[in-house]
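As a plain string of letters, each chain reads:
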Amino acid sequence: MKKWFTMAMVCSVALGSGNGLTAQAAETVAVRSEMRTAFDPAFPEILRKDLKELYTSMDYSVVLPTYVPMPDGKVFAFDHKIEAIGYTLNAYLGKNADTAATDKNLIYTISSDTDKSRSLMPEGKLYQKLPKKNDWTVYYATSEVTNSEYFTLKQKFSTAVELLPLLPNSKGDLYFYKKDGVLSVAASWSYDGQTDYRFVSECAELSFDEKFALLRSMRPVLNLFEKADAYVLPEARTLDLKFNSTLLEQRENNKKMQLSKTPFLYKGSVYLPLRDLGTLTGMEAHYVAQDQTVYFMPRDHNRVGMELNALTGEVKSRGVSMGKTTVLNKEGRLLLPVKFFSEQWGLDVVYNAENKSVTVNDSQFTTNQNITRDQNAEELTMRVLSVSGPIFLYSNKFFYTGGWGYNNLKPPTGYSSLKYSVQQISVPLIPGQNEIELTNIHTKKTIDTITLQNTLPADKVPFRGGNTQFYDNMSKTVTLSTNDGTVKVWGGGYAEAKKEVTVTGMISKPAFDSIRMVVNVNGKDSGQVVSVPSPGGDFLFKILPDKGPGIYEVSLYNPKGSLPSTEAGEMMANFVSFVIRFQ
């Protein structure tokens, strides 16, 4: 039996009663079997309870939004019910989560329909339709929508469906009309032609842009581990801060955090006390009075630490200057500019002068995997769902040039192929312990590490490298042998030794009189290139554990001057690599 491991973001699903579930509904709706489950982190926390209950109870995909609008000073609450033909989820708005649902201030409704019996088009209205584009058709109430509104709607729709359907992999209809004088949005669509989904928002509390954004954020609720072995996906949080309040509101979970002081405006910049800035940015902030320095320490792998000289305003990260800023001292407290520091950590800060508020948008990558710890293979092959790119590097910690390969696969239904992809990743393994690292290609920071044990026999480990067009027809043989009391010839591109490893071989087509060798230890670049004689194409040399025990990766390259030079300098083409574990 395979052993599976996951990280903290996994949501284990168990059947619950839920709001609106009835005995009759339970008898008519199939129930998913219990299994290891992980949902897209883009779904807001305030929807997670309803999401899990609906996912568990339905035998087809549930569709929910990933976007959370937040009208001033109000919060969302939800309830749902399940009927024979599908589910209905209602979103309400109120002053607090406990009373929002009972106030019945309905903001939007999402529902499904398996027998297509629910009517969507509002009655008693005359509709005009726009030409179908990318499988979506727009209808608008001609007697209610003004010319100005019409052109705005037409432009938004045309832009939204320029390259793909309004919702990925879907076909549907979109309705614009007015309810009690409020511009409203309704939509009906299907991914498979069997189940229809519907969205309706007629409230005055949300702007038209917010209603349209809600619709466009709809996404099927999927067990990501049914579609991939791992995922690396953005997880967003939006923080709202008002000048006349000490409350910091997080939209995704209706959470309110208390700050010590209200924001302070200085020369057009918003300032907060040191600790409050740490709360806002997700950093731990400490002031050391002795050297008058503020130290910012990250709480997770998505941030980098920084140091602020409170006298000069200079900010450094890892010894490199990030610039200077103005530090204020007010009533014995250090005040720091929100925008300067937030942007250093990749946060988007929007200052709204009209309503005197600050919105901070924070998007980070979160990862999770469902991969067996025990392997018996030359390489780890896994499907990874992530944003398109790839913008991540996958490597075995013990390799420097081991590399990795990938093939692009289609993303799951409801995920835009312009933004997401599933990549089949292949990373080389060696016998024993392996550590697969996932690194952000831009920040060079490690996002996750997967520790594996590989029971592959040593003689099954292949020689690697040689993926260069210059030596496609090269004929070569390489043999590794050891003598730790007993002579042993290893049958592949891997050897274990205590003292030394003897490497012998022959190269023909072409026959080099010398070759270049690079030895990297424990995944670190040695930076040293050694020339090895190979008269007539034959070579013999020894590898010693001069850097102590560990993983030695040996790569052989063409001799100097055998290939044309480029603007980058002398060209080195690897034609074979192998690994030695010195004990």
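Check the entry above for the structure.
All of these numbers come straight from a predicted model, not from anything done at the bench. (Residues numbered from 1 in each chain as written. Predicted model: local features only at pLDDT ≥ 70, side-chain atom pairs only at ≥ 80, totals over all residues. Heavy atoms only, no water.)

*Asks:* I tried to follow the sheet that holds strand β38 (residues 514–521) on my own but got confused; where do I start?
*Replies:* The strands making up a sheet are joined through hydrogen bonds of the backbone, oriented either antiparallel or parallel. The five strands lie next to each other as β36-β42-β41-β38-β39, forming an open sheet whose pairing is mixed. Every interior strand has two partners, whereas the edge strands, β36 (494–497) and β39 (530–533), have only one. Each strand axis lies, on average, 30 degrees off the axis of its neighbour in the sheet, ignoring direction. Examined bridge by bridge, β38 and strand β41 (residues 550–557) share six bridges and lie antiparallel to one another. Looking at β41, one finds that Val518 is bridged to Ser555. (Pairing = 2+ DSSP bridges. Helix = DSSP H or I, 4+ residues; strand = E, 2+ residues; numbered from the N terminus. Axes fitted to C-alpha atoms, helices over the stretch in contact; angles between N-to-C directions.)

*Asks:* When you look at the sheet that holds strand β29 (residues 392–396) in this model, what are you seeing that I'm missing?
*Replies:* A sheet is described by the order of its strands in space; here four strands give the open sequence β27-β33-β32-β29, paired in mixed fashion. In this open sheet, the two edge strands, each paired with only one partner strand, are β27 (374–375) and β29. Where β27 and strand β33 (residues 446–454) come together, two bridges link them in parallel fashion. Paired with Gln375 across the strands is Asn454, a residue of β33.

*Asks:* Which parts of the structure should I look at to understand the pattern of salt bridges?
*Replies:* For side chains of opposite charge, pairing can occur when their charged atoms come near one another. What the rule picks out here adds up to 14 salt bridges. Residues Glu53 and Lys49 are paired through a salt bridge, measuring 3.2 Å at the closest nitrogen-oxygen approach. Taken together, the residues Glu53 and Lys49, both in helix α2 (residues 48–57) and four residues apart, mark about one turn of the helix. Since its relative accessible area comes to 11%, Glu53 is described here as buried. With relative accessibility at 48%, the residue Lys49 sits in the partly exposed group. Residues Lys397 and Glu435 are paired through a salt bridge, measuring 3.4 Å at the closest nitrogen-oxygen approach. With Lys397 in the loop between β29 and β30 (405–409) and Glu435 in strand β32 (residues 432–440), this pair connects stretches of sequence that are 38 residues apart. The network of salt bridges with common partners includes Asp113, Asp196 and Arg198. (Salt bridge = Lys/Arg side-chain N within 4 Å of Asp/Glu carboxyl O. Buried < 20%, exposed > 50% of the residue type's maximum accessible area, 1.4 Å probe, protein only.)

*Asks:* Help me understand the packing of aromatic side chains, please; the structure alone is not making it clear to me.
*Replies:* Aromatic ring pairs are defined here through the distance separating the ring centres and the angle between the ring planes. Under the definition given, this model contains 27 aromatic pairs. Ring centres of Tyr127 and Tyr175 lie 5.7 Å apart, and the angle between their planes is 80 degrees; this geometry places the pair in the edge-to-face category. Linking Tyr127 in strand β6 (residues 127–129) with Tyr175 in strand β8 (residues 171–179), this pair joins segments that are 48 residues apart in sequence. When the centroid spacing of 5.5 Å and the interplanar angle of 65 degrees are considered together, the rings of Phe176 and Phe208 count as edge-to-face. You can see Phe176 sitting in strand β8 and its partner Phe208 sitting in helix α5 (residues 208–216), a full 32 residues away along the chain. Each member of the pair, Phe176 as well as Phe208, is classed as buried. Among the aromatic residues, ring-to-ring pairing joins Phe76, Phe78, Tyr108 and Phe199 into one connected group. Across from the ring centre of Trp490, 3.8 Å away, lies the NZ or CZ of Lys488, which sits over that ring. (Phe/Tyr/Trp six-rings, centres within 6.5 Å; stacked < 30°, edge-to-face > 60°. Lys NZ or Arg CZ within 6 Å of the ring centre and 35° of its normal.)

*Asks:* When you look at the packing of helix α4 (residues 147–160) against α5 in this model, what are you seeing that I'm missing?
*Replies:* What describes two packed helices is the angle between their axes and the distance between those same axes. In the contact formed by α4 and α5, the axes pass within 13 Å of each other and the chain directions differ by 25 degrees. In terms of axis orientation, α4 runs roughly parallel to α5. Where α4 crosses over α5, the handedness of that crossing is right-handed. Taking contact as the criterion, the partners of Leu153, Lys156 and Ala160 in α4 are, on α5, Phe208, Asp209, Phe212 and Arg216. For the contact of α4 with α5, the residue count by class is four nonpolar, no polar and three charged. (Parallel < 35°, antiparallel > 145°, perpendicular 65-115°, else oblique. Left-handed = near helix turned anticlockwise from the far one by under 90°. Contact = heavy atoms within 4.5 Å. Nonpolar A, V, L, I, M, F, W, Y, C, P; charged D, E, K, R; others polar.)

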